[in-house]
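Coordinate inspection notes
The residues making up each chain are set out below.
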Amino acid sequence: CLFSHKSSKREWKPLEDHSCTDVPWLLLFILFCIGMGFICGFSIATGAAARLLSGYDSYGNICGQKNVKVEGIVNSGLDLTQKKYVFFLDPCNIDLVHQKIKSIALCVSACPRKELKTLADIQKFAETNGSTLCSYELQPSEYTTDPRAAKLCPKYPVPESAPIPFFHRCAPVNISCYAKFAEALITFVSDSSVLHRLISGVMTSKEIIMGLCLLSLVLSMILMVIIRYISRVLVWILTILVILGSLGGTGVLWWLYAKQRISAGALETQIAKDNLQALLIYAIAATVFTVIMFLIVLIMRKRVALTIALFHVAGKVFIHLPLLVFQPFWTFFVLILFWTYWITVLLFLGTTGSPVPNEEGLVEFRMAGPLKYMWWYHVVGLIWISEFILACQQMTVAGAVVTYYFTREKRNLPFTPILASVNRLVCYHLGTVAKGSFIITLVKIPRMILMYIHTQLKGKENACARCMLKACICCLWCLEKCLTYLNQNAYTATAINSTNFCTSAKDAFVILVENALRVAAINTVGDFMLFLGKVLIVCSTGLAGIMLLNYQRDYTIWVLPLIIVCLFAFLVAHCFLSIYEMVVDVLFLCFAIDTKYNDGSPGREFYMDKVLMEFVENSRKSMKEAGRGGGAEGRELKPM
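All of the points below concern the structure found in this document. Predicted model only: the values in this text are computed from it and were never measured. (Residues numbered from 1 in each chain as written. Predicted model: local features only at pLDDT ≥ 70, side-chain atom pairs only at ≥ 80, totals over all residues. Heavy atoms only, no water.)

**Quick notes on the packing of helix α1 (residues 23–45) against helix α10 (residues 374–405)**
Stated formally: Whenever a helix is involved, its axis is fitted only over the stretch in contact; in every case the axis is a line through C-alpha atoms, and angles between N-to-C directions fall within 0 to 180 degrees. Numbering of helices and strands runs from the N terminus; a helix is a DSSP stretch of H or I covering at least four residues, while a strand is a stretch of E covering at least two. Note that the term roughly parallel is reserved for angles under 35 degrees, roughly antiparallel for angles over 145, roughly perpendicular for angles of 65 to 115, and oblique for everything else. The handedness criterion is simple: a crossing whose near helix is rotated anticlockwise from the far helix by less than a right angle is left-handed, and one whose near helix is rotated clockwise is right-handed. Between two residues, a contact is recorded if the distance between any of their heavy atoms is within 4.5 Å. Charged means Asp, Glu, Lys or Arg here, nonpolar means Ala, Val, Leu, Ile, Met, Phe, Trp, Tyr, Cys or Pro, and polar covers whatever is left, Gly included.
The contact between α1 and α10 brings their axes to 10 Å, and the two run at 135°. With respect to their mutual orientation, α1 and α10 come out oblique. In the packing of α1 onto α10, the handedness of the crossing is left-handed. Residues Leu 28, Phe 29, Leu 31, Phe 32, Cys 33, Gly 35, Met 36, Ile 39 and Phe 42 of α1 lie in contact with α10, whose contacting residues are Met 374, Tyr 377, His 378, Val 380, Gly 381, Trp 384, Ile 385 and Phe 388. Classifying every residue of the contact of α1 with α10 by side-chain character gives 14 nonpolar, 3 polar and no charged.

Right under this line is the structure:
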């Protein structure tokens, strides 16, 4: 971006010209996606898809078909056409380190639909259903007589199982097996019976959980409507509460310090002196914080008015563009589709390769040579394409809001500005989105590598190395957040002027620097308001959950269902209110450009809404009054 030669002082022409931007980056992104497709095709061509879907046993045989003999492996190359399901002799023995079940797997013709408690029951099941649950070298008649049966037959009691749809694996029906798996993940639960009750609580209250999730969705949509009408009152209430809280906390600390100082005269102990000194430090720190907070509010009180106006206009945007409300659903749906595809291919990669005997004499599939590093490419694809999808949402919202702002007659808006924005994105600006998302990917990958290294070295590295790792991770996180904010404004500039990413980022950066105080006010006051909105939705949903779950008598612990509901409520509130925040940011950049290049004179009329026009007029009046009071210097002040 440093090599962009276009001047940032050129004339802005909103929505007048549309041209393709960053085409080389679009071609690069397409080539990258072709590489992702090659990985998927390679894994399918090498039989990974068949092994994943049909399943395979511990000897390299794919269930439900004829197989080829693997050299050096007994029981390989069998005809298992009639045996279509994978059965694990010990399905609950899970190795978390290597992410696999530490059990011999066999192909069987049917899963045991009831619990089998003894070898005699296993033998009877084989004779009745024709499904042999012991290793291939044992005949059903030998189950109770052969001494090898203790090792080659399943661990009993054999739990009731059912085939997993589409994947032909016999999975235990009883959730206690999954609870044992969760015990290895949740190390702070020492009593396994507690974990069992937690999981049973989730299963019993699943209808309530779904209802509360729907409630959080409704509350989020209602809050978006309410913010428009109470934005002015809400901002000032929050500001007053923060100031009063700071003053009250400071006063209490000084009162406690004075009280302790009076009582410390009679009791001269080291503990009393330490407490008195600590109170003095706390009181001084609180006083400094209160003074700084008061000065910030005093300086930014006029900028708060702009935040209120932008929130009010954002409410009008959602009235004119109702499809904006559903934007998180579309993005989430596309992300779910991509993540499903990505996980499927990752599972393909886990079963791709040539059969190799391991130290136990069983078969594992491993890739050799450079192909074994394909999963790195696949991980980069997860980050880049996910960021690309999120950036498409930002560009779509920016394009729709820009269309709304720079259309003087709102009745002349397109029938569906969202679809018009999507059309412009697909036709002109996919390259810009690809470039912006790639920049975020370049920052995310090193941070994730450092986090992985920090996790692997936990407890082994010295204090200095641990501090440096955490500092690097923190710096990369801050850089990522700053670039994400700049990217969002660059997409807005692209939607306005149809310029490439670097030019748009530079223009947006110049505008933001010129309005630094306003940006600070909007990002502090506005984000704090939206954060309180998220807290309100989570608290309301949690309270409703407590009231409903309190009447359930089928289980004793309902903490886990409540945690699930609150996490989902926060996720839903964040999705909806982040769209609101995005709209406010786009409106602010449009407003800053509008006030910079227009002054309301004939031929240079403002595009802004009446609420923002009132803010500009009030600002002009304030500046004129300041000019009259400032003498000759004051007369040189010009309206914005």
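After presenting the structure, the write-up continues.
**Focus on helix α11 (residues 417–456)**
Definition in use: In this scheme, a helix's expected span is set at 1.5 Å multiplied by one less than its residue total. Working definition for bend: take the seven residues up to and ending at a residue and the seven starting at it, fit an axis to each, and measure the angle between the axes.
Under the 1.5 Å per step criterion, the end-to-end length of α11 is only 49 Å for 40 residues, more than 12% shorter than the ideal 58 Å. His 429 marks where α11 bends most, by close to 85°.

**Some details on the pattern of salt bridges**
Heads up, the condition is: Throughout this description, the term salt bridge denotes a Lys or Arg side-chain nitrogen within 4 Å of a carboxyl oxygen of Asp or Glu. Exposure classes here rest on a 1.4 Å probe applied to the protein chains alone. A residue is buried below 20% of its type maximum, exposed above 50%, and partly exposed in between.
Across all of its chains, the model carries 5 salt bridges by this definition. Salt-bridge contacts for Arg 447 lead to Glu 480; the nearest nitrogen and oxygen are separated by 3.0 Å. Highlighted residues: Arg 447 in helix α11 and Glu 480 in helix α12 (residues 463–497), separated in sequence by 33 residues. Note that Glu 514 is salt-bridged to Lys 596, the shortest N-O span being 3.1 Å. Remark: Lys 596 occurs in helix α15 (residues 559–597) and Glu 514 occurs in helix α13 (residues 501–514); sequence separation between them is 82 residues. Here Lys 596 falls in the partly exposed class, since its relative accessible area comes to 33%.

**Remarks on the packing of aromatic side chains**
Our working rule: Under the pairing criterion, centres of Phe, Tyr and Trp rings, with the six-membered ring standing for Trp, must be within 6.5 Å; the plane angle then separates stacked pairs below 30 degrees from edge-to-face pairs above 60, leaving the rest tilted.
With the rule as written, the count across this model stands at 15 aromatic pairs. Ring centres of Tyr 59 and Tyr 136 lie 5.9 Å apart, and the angle between their planes is 55°; on these two criteria the pair is classed as tilted. With Tyr 59 in the loop between α2 (48–54) and β1 (85–88) and Tyr 136 in the loop between α3 (119–129) and α4 (149–152), the pair connects residues that are 77 residues apart, well separated along the chain. Both residues of the pair, Tyr 59 and Tyr 136, count as buried. Relative to Tyr 257, the ring of Trp 254 lies with its centre 5.9 Å away and its plane at 85°, an arrangement referred to as edge-to-face. Separated by 3 residues within a single helix, Trp 254 and Tyr 257 lie in helix α7 (residues 206–264), roughly one turn from each other. The class of Tyr 257 is buried, set by a relative accessible area of 13%. Here the aromatic residues Trp 25, Phe 29, Phe 32, Tyr 377, Trp 384, Phe 388 and Phe 438 are joined through ring pairs into a cluster of three or more.

**Notes on the environment of Lys 66**
Its location among the elements puts Lys 66 in the loop between α2 and β1. Remark: the alpha-carbon pair of Lys 66 and Gln 82, spanning 16 residues in sequence, is separated by 9.8 Å. With residues near it in sequence (within four places) discarded, Lys 66 still touches Leu 78, Asp 79 and Thr 81.

**Examining the nonpolar core**
Definition in use: We define a nonpolar core as any set of buried Ala, Val, Leu, Ile, Met, Phe, Trp, Tyr and Cys residues linked to one another through side-chain atoms lying within 4.5 Å.
Counting residues in hydrophobic clusters, the biggest one holds 59 residues, and the most contacted among them are Val 317, Leu 324, Tyr 405, Tyr 580, Val 583, Leu 587 and Leu 612. With 18 residues, the top contributor of residues to this core is α15. In this structure Tyr 405 touches Lys 410, Leu 587, Cys 590, Phe 591, Asp 594, Tyr 607, Met 608 and Leu 612, once residues within four positions along its chain are discounted. One finds Ala 105, Phe 125, Tyr 136 and Tyr 143 within the second-largest nonpolar core, a separate group that totals 32 residues.

**Remarks on the environment of Asp 79**
The cut-off we apply is this: Think of a polar contact as two N or O atoms within 3.5 Å of one another; within protein, one of them needs to be a possible hydrogen donor and the other a possible acceptor, and neighboring residues in sequence only count if both atoms come from side chains.
Positionally, Asp 79 belongs in the loop between α2 and β1. It is 6.3 Å that separates the C-alpha atoms of Asp 79 and Gln 65, two residues lying 14 residues apart in sequence. Setting aside chain neighbours within four positions, we find Asp 79 in contact with Gln 65 and Lys 66. Side-chain polar atoms of Asp 79 contact the side chain of Thr 81, separated by 2.5 Å.

Structural measurements only, silent on function.
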